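Topology and contacts: notes
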Amino acid sequence: MNISGGNLPTIPGAGQGAEVLTAALSKKQQQADGAAALALIEGAAQATSAQSPAQSVTATLGNNINVYV
């Protein structure tokens, strides 16, 4: 995520107008990055809730090892 405005386009000689344009473009980029992060988190939460719950631990856990050659 890039939060610096150094690589955003500026209009030479526009003064404050260029700063406002840069700030607006930066805000839009941050909103897009945030929406993408939220979508990723929601997707991960849905994937984990669809999995079956873990089986309970028993005393015989690990006694049988399946080896495929």
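Residues numbered from 1 in each chain as written. Predicted model: local features only at pLDDT ≥ 70, side-chain atom pairs only at ≥ 80, totals over all residues. Heavy atoms only, no water.

With that settled, consider the overall build of the protein. Helix and strand counts for the protein stand at one helix and zero strands. When each of the 69 residues of the protein is scored for burial, the buried share is 6%. Counting only carbon and sulfur atoms, one obtains 60% of the accessible surface of the protein, whose full area is about 6,200 Å². (Helix = DSSP H or I, 4+ residues; strand = E, 2+ residues; numbered from the N terminus. Buried < 20%, exposed > 50% of the residue type's maximum accessible area, 1.4 Å probe, protein only. Areas by Shrake-Rupley, 256 points an atom, 1.4 Å probe, with all protein chains shown as cover.)

With that settled, consider a nonpolar patch on the surface. A contiguous nonpolar patch, built from Ile 65, Val 67 and Val 69 and spanning about 430 Å² of accessible area, is present on the exposed surface. Considering the arrangement of structural elements, one finds Ile 65 in the segment after helix H1 (16–49). (Patch = residues over 30% accessible without salt bridge, like charges linked within 9 Å, V, L, I, M, F, W, Y side chains within 5 Å. Salt bridge = Lys/Arg side-chain N within 4 Å of Asp/Glu carboxyl O.)

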